[in-house]
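Descriptive analysis of the structure
What follows is each chain in one-letter form.
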Amino acid sequence: MIDNNSIEQLKQTIDIVDVIGNYVELKKNGSNFKGLCPFHDEKTPSFIVSPSKQFYKCFGCGAGGDAIKFMMEFEKLSYPEAIEKLASQYNFTLRYTKGERGGDQDRRILEATGRWYRANLEQNEKAREYLTRRGVSLASIEKFDLGYAPSSEETLSFLQRTMIPLQKAEEVGILGSERGRYYARLIDRVIFPIFSPSGMPVGFGGRTLGDHPAKYINSPQTKLFNKSRLLYGYHLAKEQIYRKKRLIVVEGYMDVIMLHQAGFQTAVATLGTALTNDHLPLLKKGEPEVIVAYDGDTAGINAAMKAALLLSRHNFDGGVILFEGGMDPADMVNAGNADAIEALFAAPIPFAKFVIDKMVSSGRIDTPRGKEEIFNAVKNYLQTLSVFLQEEYLPYAASLLGVNTARLKPGRNSDTSTPAQSILTLSDIAEKSIIKTLLKTPSLTDMVLDVMDASMFLTHKEAFEALIEGRENSELLQIDFDDSIKTYSEEELKKQLNYFLRRYYEKALDIIKKYDKLPIEKKMFYLRRYREYIKQLEQGELVPYESHSTL
């Protein structure tokens, strides 16, 4: 049988307008969509699809239901068959189980633990003082089901007392284990329960009250908890999001709570991760304007840049807000500055404008090479936007760069499909992936520098050098924020390095063969050396970097 929790996650992923739009021509009708009913003959549309309710209804024949019901009725499928077809369309991996009790038990464990955390908060003065100091009201504590996690021993005692199997508690992320011994993952922390969009408990977040180096931590990845698909507070915000057509994305739990407390009830937060493609189905529901409201520090600006790139490419309305002066939304609400927040939310920087501004300011536009790098980055970015947005922002980008608008248009001075450039395509993709991998996993840098240097890069040498030297670079920024560029695992990186090294030493071998000014002894030495390197590489081994530029 299909796991119930897996079905719930599928429902969170799919959008009924997308599903039905594959079968019925739908046209916008106010906040809903309208079309001719596929279940009976009609000439006047009476078939309504509501994105906010994720429901369809025909006022002619009475047909109605959710996306799964539509698939069952239209395709004449059973319930499991409809679920599997939708999962296939959305590239969603379903989980199967022999029975239904597992998912129910997981929910009961999370619910019971959440109630216990809440009861602990009432008894813990330190946790209550922290929330009071941050300005959190009793109503907000109740609304968001806040709690407190005590010591590991107390958590284990509670689980044993309530007959919750420790192995199951580990499966849902409450416990961890090491060498056969269980321990609580959340210790001496204010607890923020995390729910699915439908209001089902899926995990917990915790804010330390001690000196733990990790100020905030979340539940680990489980079959219920996938932080890349969840938004904190969405289950409470969704009705207001659908009604007000505005969704505010902030960085933390406290920001969400305090914004709701101040009346900004469409606020949600990512769970310690940047916005990703997996968040898009949730962000699309109800077709709201999306406002990304992050701190104005370096980390906040980088996260805002990545979000703006993602959302502009997917044609979202909205923009970016940066909170300056070291104040986050929670601090501003606590300080009584709700009016200033509303003023900020009323005038976000459009996503495309934000991206272009940051690209232009990230490099040396006052030097020919720097200007060329920024020009190429901006031009490549503009080509990822819709035609309308390209027309909107081409003049703006051109004015910042000091170039003619025509030079930035798609196809202008673009690469032609020559054989040499076709050969470079795979190299270009691989170079970007190596750079992206080192950006995401800096611990692999030494392994790369042991076997290669920037001279091996045919198209992205400047970006690689900037990465190694820790310099800002507009192309490097674009690679970092481009979700289409693959990040290698360590094993995949080794294979890619092997490819680069073989190409490099085969080319070096050809150079030495043709290099007549080299003494014969030295020439033979390098011929033997490089042939041996190539042989080692063909056997899957990596070899140390050796330049031939001084020959």
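Chains are numbered independently. Their residues run from 1 in the order of the written sequence. Residues qualify for local features only when their pLDDT is at least 70, as the model is predicted, and side-chain atom pairs are given and counted only at 80 or more; totals for whole chains, interfaces and linings, by contrast, use all residues. No hydrogens and no water enter the side-chain calculation; it runs on all heavy atoms of the structure.

What to know about the overall build of the protein
Our working rule: To qualify as a helix, a DSSP run of H or I must reach at least 4 residues; to qualify as a strand, a run of E must reach at least 2; elements of each kind are numbered from the N terminus. Three labels apply to residues, based on accessible area from a 1.4 Å probe with only protein chains included: buried if under 20% of the type maximum, exposed if over 50%, partly exposed otherwise in between. Contacts: residue pairs with any heavy atoms within 4.5 Å of one another. Areas reported as accessible are Shrake-Rupley estimates using a 1.4 Å probe. Residue values count occlusion only from the protein chains shown. Residues scored as charged are limited to Lys and Arg (positive) and Asp and Glu (negative), so that His and the chain ends carry no count. For the purpose of locating charges, the reference atoms are NZ of Lys, CZ of Arg, CG of Asp and CD of Glu.
Counting secondary structure elements, the protein contains 24 helices and 16 strands. With respect to the three principal axes, the spread of C-alpha positions in the protein is 85 × 65 × 55 Å. Out of the 551 residues in the protein, the part that is buried amounts to 49%. Across the protein, the fraction of contacts at a sequence separation of at least 24, relative to all contacts at a separation of at least 6, is 65%. On the protein, roughly 26900 Å² of surface is accessible, and the fraction owed to carbon and sulfur atoms is 49%. Each charge class in the protein was averaged separately, 71 positive and 73 negative side chains, and the resulting centres sit 2 Å apart.

Digging into the layout of surface pockets
Applied cut-off: Cavities and pockets are found on a 1 Å grid laid over the protein atoms alone: a cavity is a set of points where a 1.4 Å probe fits but cannot escape, a pocket is an open set with protein on both sides within 12 Å along at least five of seven lines, and a lining residue has an atom within 4 Å of such a point. Grid points are joined across faces, edges and corners, and a volume is the space filled by probe spheres set on the points. Each residue is assigned to one class: nonpolar for Ala, Val, Leu, Ile, Met, Phe, Trp, Tyr, Cys and Pro, charged for Asp, Glu, Lys and Arg, and polar for all the others, Gly among them.
By volume, the second largest pocket amounts to about 620 Å³. Forming the walls of the second largest pocket are 24 residues, and the residues nearest its centre are Tyr-216, Glu-251, Gly-252, Tyr-253 and Gly-272. Of all the secondary-structure elements, those providing two or more residues to the lining of the second largest pocket are β11 (216-218), α11 (253-261), β14 (289-295) and α13 (298-313). Looking at the lining of the second largest pocket residue by residue, the class counts come to 10 nonpolar, 6 polar and 8 charged.

Comments concerning helix α18 (residues 387-401)
Since the α-helix packs 3.6 residues into each turn, any two residues three or four apart lie on the same face. Our working rule: Given a helix with a known number of residues, its expected span is that number minus one, times 1.5 Å. We define the bend at any residue as the angle between the axes fitted to the seven residues before and including it, ending there, and the seven starting there.
Spanning 15 residues, α18 covers 20 Å between terminal C-alpha atoms, matching the ideal 21 Å at 1.5 Å per step. Of all the bends found along α18, the most pronounced is centred on Tyr-393 and spans about 40°, while Pro-395, a proline, follows it within four residues. Among all positions of α18, only Leu-389, Gln-390, Tyr-393, Leu-394, Ala-397, Ala-398 and Leu-401 are buried. On its buried face, α18 is in contact with α13, β16 (349-350), α16 (351-361) and α17 (368-382). A positive backbone phi angle near 70° is found at Gly-402, which sits one or two residues after α18.

Thoughts on empty space enclosed by the protein
Tallied over the full model, the rule gives 2 cavities of 30 Å³ or more. Roughly 40 Å³ of internal volume is contained in the largest cavity. Lining the largest cavity are Gln-9, Gln-12, Leu-224, Asn-226, Arg-229 and Leu-230. Its residues assigned to classes, the lining of the largest cavity shows 2 nonpolar, 3 polar and 1 charged. For the second largest cavity, the calculated volume is near 30 Å³. In terms of lining residues, the second largest cavity is bounded by Gly-173, Arg-185, Leu-186, Phe-204, Asn-218, Ser-219 and Pro-220. Taken together, the residues of the lining of the second largest cavity sort by class into 3 nonpolar, 3 polar and 1 charged.

What about unusual backbone geometry?
With phi around 55°, Asp-145 is a residue other than glycine that occupies positive phi space. A relative accessible area of 23% places Asp-145 in the partly exposed class. Phi is positive for Asn-315, close to 65°, though the residue is something other than glycine. Along the chain, the position of Asn-315 falls in the loop between α13 and β15 (318-323).

Regarding the sheet that holds strand β3 (residues 47-50)
The following threshold applies: By the convention used here, strands pair only if DSSP detects at least 2 bridges between them. Between the N-to-C directions of two axes lies an angle of 0 to 180 degrees, each axis being a line fitted to C-alpha atoms and, for a helix, fitted only over the stretch in contact.
With antiparallel pairing, the 5 strands of this open sheet are ordered in space as β1-β2-β3-β4-β5. Looking at the sheet topology across the chains shown, the edges are occupied by β1 (27-29) and β5 (64-65). Pairing analysis gives 2 bridges linking strand β4 (residues 55-58) to β5, with the strands arranged antiparallel. Pairing of Tyr-56 across the sheet is with Gly-65, part of β5. Set on the sheet, helix α3 (residues 67-75) makes contact with β3, β4 and β5; between it and β4 the angle comes to about 50°.

A closer look at the packing of α13 against α16
Convention followed: Throughout, the term roughly parallel applies to angles under 35 degrees, roughly antiparallel to angles over 145, roughly perpendicular to angles from 65 to 115, and oblique to all others. Handedness of a crossing is defined here by the sense of rotation of the near helix relative to the far one, left-handed for an anticlockwise turn of less than a right angle and right-handed for a clockwise turn.
Interhelical geometry of α13 versus α16 gives an angle of 130° and a closest axis separation of 9 Å. One element, α13, and the other, α16, form an angle in the oblique class. Crossing of α13 against α16: the hand is left-handed. Here Ile-301, Ala-304, Met-305, Ala-308, Leu-309, Leu-311 and Ser-312 of α13 lie close against α16, whose contacting residues are Phe-351, Ala-352, Phe-354, Val-355, Lys-358 and Met-359.

Looking at α17
Look at α17: 21 Å from first C-alpha to last across 15 residues, which is about the 21 Å you get at 1.5 Å a residue. For α17, the full list of buried residues reads Gly-370, Glu-373, Ile-374, Phe-375, Ala-377, Val-378, Lys-379, Tyr-381 and Leu-382.

Regarding the environment of Thr-445
Locating Thr-445 in the fold gives a position in helix α20 (residues 445-451). Judged by its relative accessible area of 18%, Thr-445 falls in the buried class. In the structure, Thr-445 is positioned 23 residues away from Ile-468 in sequence and 8.2 Å away in space, judged by C-alpha atoms. Residues in contact with Thr-445, not counting those within four places in the same chain, are Leu-438 and Ile-468.

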